[in-house]
Structures are given as structure tokens and as C-alpha cells.
Amino acid sequence: MLLTNATLATMDGTPAYGLVEQGVIVTEAGRIAWVGPASELPAEFHGHESLNLGGRLVTPALIDCHTHVVHGGNRAKEFEMRLQGASYEEVARAGGGIVSTVGATRSASEDDLLAGSLTRVDALIAEGVSTIEIKSGYGLDIENELKMLRAAKAVAERRQVRVRTSYLGAHAVPPEYKDRPDAYIDEVCIPGLEAAHAEGLVDAVDGFCEGIAFTPDQIARVFDKARSLGIPVKLHAEQLSNLGGAQLAASYGALSADHLEYANAADAAAMAKAGTVAVILPGAFYTLHETAAPPIDAFRQNGVAMAVATDCNPGSSPMTSLLLSMNMACTLFRMTPEEALAGVTRNAARALGLGDAGMIKPGLRADLAVWNVEHPAELAYRIGFNPLWKRIYGGAL
């Protein structure tokens, strides 16, 4: 198929969004076969079936590289608590936070978890998203972590969307292991990872390195197991304090370190050397009324690739709009609209270890978004407005 009469934001790493005016995209067997100006279209493609896009903008389909869309219940009461002055840590230490979602997730069936997650996934798909990362981490026992991962994998069977799963057993210490985090790591988290890997449910391993969660040494034990199984790692790091999580992630060659509000220039340098992507999550910053912002300038100066994601979860970022995440990344953190769009396309793919998505480039998947806008900056500029015209997934409308 030929997609004609369009402005292309190829996001191929060249300046100014890699824009191609009066562009054409040729797709074959779900892949991009050719990209360029209409005036240069090779003769071999003349006469193929075509779709006139009416001058609209085409970008790579969006990628949400950090979500917790599979979960039970909600935490609206904690939202009220925070509005009354309680901090995220205070809520967690009072039995709220991550652990409060654990009960609802454990009591939900796999079908219930899938049904709930599909409503959130549908909202993302409606904004041109083709690929979603989904984490476990609300089961916190082997049986329920596996249940979450099975529900996550089932999303891709029910919807035309690509799913990458992350095992987040090291998310929080469950009540039955209170004050025994090392025992939890040894008796639940690591054996759970082995079981999930044996079932083919794990694409990456994640952890939460924070004072209310796990120390770098405890996370390192999980990462050692992941390395022995040949699974890439990523890490929630430096969200509420700086415990050295970003440096730890870099030392393991992590795909990404995420949040990073309390990261510093030394962390940025280590991540750059390791090729670790910085995943920026403005939804949590906004919801938690955080005051420390990620060191965007340090990431720029060190050449650290920056991705942007929703962090969709029931507590600290109950958001299902990647377009809103882009706007927040610009308004709250002063990222440029081009950086934000790269963050949900090219760099988001890199954060998931995907080499076949995130750009409009020959050989890559024909996952595309067609927008009723004149310029790509509009995608980050508007608030609460969805200009998607069509989503193309694997070459199909």
C-alpha cells in the first residue's frame, strides 16, 4: 500500500523531526518498504493501491514504555489524603500506596484484571499507541505475579497492540513480609522470576530502588538472577531520593532508569556511558506534587536518550493519555516538543529494547499514526485534545 500526500515526521534522528514534505510511505507485509518525497518514488511502486492522506501529518505510532495498567481497584481515597497534606511516603507507611493495591489485585481473577486493563489500554490505543509496556508488581507473591503477567500478555490477544512485559516482583514488601525484605527477595521475588521466565511471561525485569521499597544491594540480587536468565533489566530509580539506583542500573547495562527526579549529573554520565535511557514520568511528578525535577539539562549535555511515558497506575499517576504526558514533559520539565515526540517514539522503543519500531524507516514495522495537525509540535501543545485520524498497525488501518 502507498500512503500518499502527507507530511512525514520520520523521527529518524535527523533534525527538525526528520520532516519530509509531500511524503509517501510504501508498506509491504506489515513493514515499511520505502519512505521519501513523492517526486522520488521508485517506478516499481507506481500503480500500487494507495491511500491519500489529504496532507495530514504521519508519525511513528506512539509507544508507552512504562505502565502498570494491569491492577485491581483504585486509590481515590489516597488522592484525598494527599490533598490534605499527606506525602507519598506517609501514605505508604500508613498502609496505603502500592501495598493497598495488592489486596484488590490478589482478590481479582485473571479475567477481572484483563477486563479492567482493557479499558485503560483502549484509551491509549485511541491516541495512536501501538506498543505498551506492562509491569507486574501488585501481586507480590508468586501466584499473583504470574496472574498479572498472564493478564498482560492476554491484552495483545484481545487488542491490536504490542505488549512488552516487565516482572516487577521487587516493587514493595508485602504485609506478610513486613520488616523482612531480604527474606521476600529470596523466598518470593527471585523464585517468582524463575517461574515467570519458565512460563515465557517476562520480557524485562524491573525493581523499585527507594527507601520505602528496596536497597541497591537487594535489587542487585534480583538483577543478578535476571542476568543469569538472559533477561534485560530496568529500574524505578531516584524518584523520592537518591540511593544510587541510576548508577546501579547503568552498571548492569539497564535498558532504562525511570522517574529520576533526584538524579544528578554523575548519574547522567553513568547512564550515557551504559546507553541507559532516561524515562521521564511527569504524571507521577504532577500527582505527588513533587518539587525536584529530573535533570533534563544534564541528560542533554551527556547525550542520554530521554523517553516519556504515562506511568499509568492506580496511585501516583492515574493517567491514560500519552499526549498529556508529552505536554507535561514540556510544561513541567521544559523538554522541547521534538524531544517529547522522540520520547514516545524512537527513544521509547529503545527503552524497551525494540529495534524495529519508533521511526518511519525502511525495514521497520509499519506502525503509524495519522494526525489532523499541520505540525508535530501540536501534539505536545494541546491539552485534552486528541487529533488522531487513523492508526496503522502492522500496515493495516
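Presented here is an overview of the structure given in this document. Predicted, not measured: the structure shown is a model, and the values here were computed from it. (Residues numbered from 1 in each chain as written. Predicted model: local features only at pLDDT ≥ 70, side-chain atom pairs only at ≥ 80, totals over all residues. Heavy atoms only, no water.)

**Quick look at helix α9 (residues 265-274)**
Considered for burial, the residues of α9 that qualify are Asp-267, Ala-268, Ala-270 and Met-271. Down the axis of α9, the sector holding all buried residues measures 165°, keeping them to one side. Where α9 is buried, its residues touch α8 (245-251), β11 (256-259), β12 (277-280) and α11 (296-302). Between the side-chain oxygen at the start of α9 and the backbone nitrogen of Ala-266 there is a gap of 3.1 Å, and the oxygen is on Asn-264. Where α9 ends, the next residue or the one after it, Gly-275, has phi of about 75°, a positive value. (Buried < 20%, exposed > 50% of the residue type's maximum accessible area, 1.4 Å probe, protein only. Helix = DSSP H or I, 4+ residues; strand = E, 2+ residues; numbered from the N terminus. Arc of directions from axis to C-beta. Contact = heavy atoms within 4.5 Å. Polar contact = N/O pair within 3.5 Å; in protein donor to acceptor, adjacent residues only side chain to side chain.)

**Some remarks on the pattern of salt bridges**
Within this structure, the stated rule accounts for 17 salt bridges. As a salt-bridge pair, Lys-135 and Glu-133 come within 2.6 Å of each other at their nearest N and O atoms. Accessibility expressed as a relative area gives 1% for Lys-135, which makes it buried. Here the salt bridges do not stand alone but share partners, grouping Arg-31, Arg-162 and Asp-356 into one network. (Salt bridge = Lys/Arg side-chain N within 4 Å of Asp/Glu carboxyl O.)

**Topic: the packing of aromatic side chains**
Per the counting criterion, the structure on display carries four aromatic pairs. A ring pair is formed by Phe-223 and Tyr-252, whose centres lie 5.3 Å apart and whose planes are at 75°; its orientation type is edge-to-face. Within this pair, whereas Phe-223 is found in helix α7 (residues 216-229), its partner Tyr-252 is found in the loop between α8 and β11, the two being separated by 29 residues in sequence. By the burial criterion, Phe-223 is buried, and Tyr-252 matches it. An angle of 75° between the planes, with centres 4.8 Å apart, marks the rings of Phe-285 and Phe-333 as edge-to-face. With Phe-285 in helix α10 (residues 282-287) and Phe-333 in helix α12 (residues 322-333), this residue pair connects regions lying 48 residues apart in the sequence. When sorted by exposure, Phe-285 lands in the same class as Phe-333, which is buried. Members of the aromatic cluster, joined through ring pairs, are Tyr-177, Tyr-184 and Phe-214. Here the guanidinium or amino end of Arg-56 rests over the ring plane of Trp-389, the centre of that ring lying 4.0 Å away. Sitting over the ring of Tyr-393, Arg-365 keeps its end group 5.1 Å from the ring centre. (Phe/Tyr/Trp six-rings, centres within 6.5 Å; stacked < 30°, edge-to-face > 60°. Lys NZ or Arg CZ within 6 Å of the ring centre and 35° of its normal.)

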